[in-house]
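Architecture at a glance
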Amino acid sequence: DPDYIMVIPMGHSKSAATESLSTYLESNPAWGSLSAVQNNHYHVLDPSLFLYKPNAKWGESYQTLFDLVYGE
């Protein structure tokens, strides 16, 4: 039962990947019982900061995670 769920969409279209995943998860009855979902701690991360090597954007990547977990 995770406290947070971080997802990195893959594919040519971030919106299509996110929509497909959301449709699948919402149809699964166990999804709504997770603490992360109940507490609105399900986040879709920017692939340019997390899927690919961010190089000069490492600071932005870590700041993004910090803000999601501890608030802005």
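This text follows the structure it describes.
Procedures and definitions
- Every residue gets a number counted from 1 within its own chain, in the order that chain's sequence is written.
- At least 70 in pLDDT is required for a residue's local features to be given in this predicted model, at least 80 for side-chain atom pairs to be given and counted, and no such filter applies to totals for whole chains, interfaces and linings, which use all residues.
- Remark: hydrogens and water are excluded; side-chain values derive from all non-hydrogen atoms of the structure.
- Each helix corresponds to a stretch of at least 4 residues labelled H or I by DSSP, and each strand to a stretch of at least 2 residues labelled E; elements are numbered beginning at the N terminus.
- Should any heavy atoms of two residues lie within 4.5 Å, those residues are considered in contact.
- Throughout this description, a polar contact denotes any pair of N or O atoms lying within 3.5 Å of each other; where both atoms belong to protein, one of them has to be capable of donating a hydrogen while the other can accept it, and for residues adjacent in sequence the pair is counted only when both atoms sit in side chains.
- For every residue, the accessible area (1.4 Å probe, protein chains only) is compared with the maximum for its type, and the residue is labelled buried under 20%, exposed over 50%, or partly exposed between those bounds.
- Only buried residues count toward a nonpolar core. Its members are Ala, Val, Leu, Ile, Met, Phe, Trp, Tyr and Cys residues joined through side-chain atoms within 4.5 Å.

Another point: the side chain of serine 61. With respect to the secondary-structure elements, serine 61 resides in helix α4 (residues 58-70). When sequence neighbours within four positions are dropped, the list of residues in contact with serine 61 reads Leu49, Phe50 and Pro54.

Following the sequence through the fold, serine 48 ends up in helix α3 (residues 47-50). Residues serine 48 and leucine 65 lie 17 residues apart in sequence; the distance between their C-alpha atoms is 14 Å. Among the polar contacts listed, one links the side chain of serine 48 to the side chain of aspartate 46, at a separation of 2.9 Å.

Turning next to the side chain of histidine 43. Position of histidine 43 among the secondary structure elements: in strand β2 (residues 42-44). For histidine 43, a relative accessible area of 16% gives the class buried. Discounting residues that sit within four places of it in the chain, histidine 43 has contacts with Tyr4, Ile5, Met6, Val7 and Leu68.

Moving on to the nonpolar core. Across soluble globular proteins, nonpolar side chains have a tendency to be buried as a group. Grouped together as the largest cluster of nonpolar side chains are five residues: Ile5, Val7, Leu25, Trp31 and Ala36. When near neighbours in sequence (up to four residues on either side) are disregarded, tryptophan 31 contacts Ile5, Leu25, Glu26, Val37 and Tyr42.

So, to be careful, I would describe these as geometric facts and stop short of saying anything about function.
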